[in-house]
Amino acid sequence: MNLKDLLAISGESGLFRFVAQGRNAIIVEHLDTGKRQTASSTARVSSLEDISIFTDSEEIKLSLVFDRIWDKERGGTAPDPKKASPDILDSYFSEVVPEYDKERVYPSDIKKVLMWYNTLHRLNLLVKEEESAEKDPEQETHRPETKAETPPEPKRPVKVPEKKKTVKKATVTPAKKRMTTAPRKQG
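Residues numbered from 1 in each chain as written. Predicted model: local features only at pLDDT ≥ 70, side-chain atom pairs only at ≥ 80, totals over all residues. Heavy atoms only, no water.

Undergrad: Help me understand the packing of helix 1 (residues 62–73) against helix 2 (residues 86–96) in this model?
TA: Packed helices, taken two at a time, are described by their axes: the angle between them and the distance between them. Packing of helix 1 against helix 2 brings their axes to within 9 Å, and their N-to-C directions diverge by 100 degrees. Taken together, the axes of helix 1 and helix 2 are roughly perpendicular relative to one another. Counted together, V65, R68, I69, K72 and E73 of helix 1 and Y92, F93, E95 and V96 of helix 2 form the full contact between these two elements. (Axes fitted to C-alpha atoms, helices over the stretch in contact; angles between N-to-C directions. Helix = DSSP H or I, 4+ residues; strand = E, 2+ residues; numbered from the N terminus. Parallel < 35°, antiparallel > 145°, perpendicular 65-115°, else oblique. Contact = heavy atoms within 4.5 Å.)

The following block contains the structure:
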């Protein structure tokens, strides 16, 4: 599964999509509501791409766990973790990842994984990496050919004019206004 730009924020419910980098925070969009918010630099933000599940021998990436759930459910949703007991969740997860470390993977972790999977499934964001890799070569092979393709011209650097420094002139206002009279005619 391709989990690029999908985030989980500690203390926040649901999943988020990375939108932009701010000065002291990142801007994220909630997948369910579509509302944008900032996650400060002190928030514990985890990319789903970087999350792994502990096993007896090595760690398994979350994307591989999602692939296994997808294969087990034949593209359907996983059991609802809110309604299932910890024993049912444990037996289900043992079928999906039989080698997972039962001492370091808690029932709350299994609930999160299944909730994330169901959320991504509901929003049609679960795309197997093999399927997306297969689509790319097909698009390239069906590309219409042109008689003579010319390479694009190299880009020339654009000269940006420098800004002129403007200096504000100080204006002096007189303390008292003077009365002026028109000059006298001599004559």
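Undergrad: Teacher, can you tell me more about the side chain of D101 here?
TA: Turning to its location among the elements, D101 is positioned in the loop between helix 2 and helix 3 (107–122). Residue classification places D101 among the buried positions, given a relative accessible area of 14%. The residues contacting D101, other than those within four sequence positions of it, are F54, T55 and D56. (Buried < 20%, exposed > 50% of the residue type's maximum accessible area, 1.4 Å probe, protein only.)

Undergrad: Hey, could you run me through the packing of aromatic side chains in this one?
TA: The full count for this structure, using the stated rule, is 2 aromatic pairs. Centre to centre, the rings of F93 and Y100 are 5.1 Å apart; their planes meet at 80 degrees, and the pair counts as edge-to-face. Side by side, F93 and Y100 carry an identical accessibility label, which is buried. A cation sits over an aromatic face here: R104 above F54, 4.0 Å from the ring centre. (Phe/Tyr/Trp six-rings, centres within 6.5 Å; stacked < 30°, edge-to-face > 60°. Lys NZ or Arg CZ within 6 Å of the ring centre and 35° of its normal.)

Undergrad: Even after reading the chapter, I still don't get the packing of helix 2 against helix 3, so can you show me in this structure?
TA: Taken N-terminus to C-terminus, the directions of helix 2 and helix 3 make an angle of 65 degrees; their axes are 10 Å apart at the nearest point. Relative to helix 3, helix 2 is oriented roughly perpendicular. Considering only the axes of helix 2 and helix 3, their crossing is left-handed. Contacts between helix 2 and helix 3 involve P86, L89, D90, Y92 and F93 from the first element and P107, I110, K111, V113 and L114 from the second. The class makeup of the residues in the contact of helix 2 with helix 3 is 8 nonpolar, no polar and 2 charged. (Left-handed = near helix turned anticlockwise from the far one by under 90°. Nonpolar A, V, L, I, M, F, W, Y, C, P; charged D, E, K, R; others polar.)

Undergrad: Would you take a moment to explain the pairing of strand 1 (residues 6–9) for this structure?
TA: Put simply, side chains in a regular strand alternate between the two faces of the sheet. Burial of strand 1 is two-sided: the residues L6 and A8 facing one way and the residues L7 and I9 facing the other way are all buried. Where strand 1 folds back onto strand 2 (residues 16–21) in an antiparallel hairpin, the turn is made up of 6 residues, including G11, whose phi is positive at roughly 90 degrees. Pairing analysis gives 3 bridges linking strand 1 to strand 5 (residues 45–47), with the strands arranged antiparallel. In the strand pairing of strand 5, I9 is matched with V45. (Pairing = 2+ DSSP bridges.)

Undergrad: Would you take a moment to explain the confidence of the model for the protein chain for this structure?
TA: Reading predicted coordinates in detail is not appropriate for stretches of low pLDDT. Mean pLDDT over the protein chain works out to 78, with 67% of the residues at or above the 70 mark. Between residues 136–148, whose pLDDT stays under 50, and residues either more than four places distant or in other chains, the model counts 1 contact. (pLDDT = per-residue confidence, 0-100.)

Undergrad: Got a minute to help me understand the pattern of salt bridges in this structure?
TA: Two side chains of opposite charge can pair, provided their charged atoms sit close to one another. Within this structure, the stated rule accounts for 4 salt bridges. Its salt-bridge partner being R68, residue E99 comes within 3.2 Å of it at the nearest N-O pair. Pair noted here: E99 is in the loop between helix 2 and helix 3 and R68 is in helix 1, with a separation of 31 residues, a long-range link. Classification of E99 as partly exposed rests on a relative accessible area of 26%. With a relative accessible area of 27%, R68 lands in the partly exposed category. (Salt bridge = Lys/Arg side-chain N within 4 Å of Asp/Glu carboxyl O.)

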